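So you can see what is in the structure, the chains are spelled out below.
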Amino acid sequence: MDIKRIIGQIVFIIMITSGISFAGTYELEVNAGRSTIEGRLDRVMTVNQGLLTTGIGAIYNDDDYKIANMKLTLGNGASLPELRFSLGFKGVLGDIEKGNKDGDLMAVGFLFLGKYSIPETISPIPIDVSVGFSYAPDSLCFSDSDRYLDFRTSLDFHIVKNATIILGYRYIKVRFDDNRGQWEMSDDALFVGYQLKF
């Protein structure tokens, strides 16, 4: 089946790139909102083309959804040293509920990440403004899902060299087309988190 091949290739790429002996760091992040909790582990490696990031994550909402994800991005920054961009792919797999409806989410989306470091002349504490956007159109959605979108933005306060406190906002929207017809689930939340680099 094509979907098994696609997921297998994504897992294979992440496993291979995670095992390459480039200099790199791990980033462990946990954050929580009103009714959600999220965790992720990323590996950031320096390669000739810039920064290669692979990662896995999961987000859980009390009653409505459970979503696991994998990502692969490549970024080399921009002309300004405080401004960085990454492009890549994000695979998502999950179970979504809304009322008496239940749908299986499976998609591979395009991923854009951006980060701007506020200059020290403006803020004495190192702060980054981070933005992430992922979108999977109908052609890259499988199972019951028909379209997937997520957006996240945050302020990242670097309290010490390897630790960051995160204040952020997340929005998720999934459209389904199954035997119940078309229906949608959307959720947004403010969250507080902590990231550790090692």
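Please refer to the structure higher up on the page.
Residues numbered from 1 in each chain as written. Predicted model: local features only at pLDDT ≥ 70, side-chain atom pairs only at ≥ 80, totals over all residues. Heavy atoms only, no water.

Before going further, it helps to examine the overall build of the protein chain. Looking only at helices and strands, the protein chain has one helix and eleven strands in total. Its helices and strands in sequence order give the protein chain the pattern α-β-β-β-β-β-β-β-β-β-β-β, from N to C terminus. Split into buried and exposed, the 198 residues of the protein chain put 40% on the buried side. For the protein chain, the exposed area adds up to about 11,000 Å²; of that, 62% sits on carbon and sulfur atoms. (Helix = DSSP H or I, 4+ residues; strand = E, 2+ residues; numbered from the N terminus. Buried < 20%, exposed > 50% of the residue type's maximum accessible area, 1.4 Å probe, protein only. Areas by Shrake-Rupley, 256 points an atom, 1.4 Å probe, with all protein chains shown as cover.)

This paragraph deals with the nonpolar core. One finds I67, L105, Y148 and I172 to be the most contacted residues of the largest nonpolar core, which totals 15 residues. Those elements that place two or more of their residues in this core are β4 (65-75), β5 (83-98), β6 (101-117), β10 (163-178) and β11 (181-197). Per element, the largest residue contribution to this core is three residues, and it comes from β10. Setting aside its immediate chain neighbours within four residues, I172 contacts I59, Y65, I67, Y148, L149, D150, M185, S186 and D187. (Core = buried A, V, L, I, M, F, W, Y, C linked by side-chain atoms within 4.5 Å. Contact = heavy atoms within 4.5 Å.)

This part takes up the packing of aromatic side chains. Following the criterion strictly, the structure yields four aromatic pairs and no others. Ring centres of F85 and F112 lie 5.6 Å apart, and the angle between their planes is 35°; this geometry places the pair in the tilted category. In this pair, F85 sits in strand β5 while F112 sits in strand β6, placing the two residues 27 residues apart along the sequence. Residue F85 is classed as partly exposed on the basis of its relative accessible area, which comes to 34%. Considering the side-chain rings of F89 and F110, the 5.8 Å spacing of their centres and the 45° angle between planes classify their relative orientation as tilted. Of this pair, F89 sits in strand β5 while F110 sits in strand β6, and the two are 21 residues apart along the sequence. (Phe/Tyr/Trp six-rings, centres within 6.5 Å; stacked < 30°, edge-to-face > 60°.)

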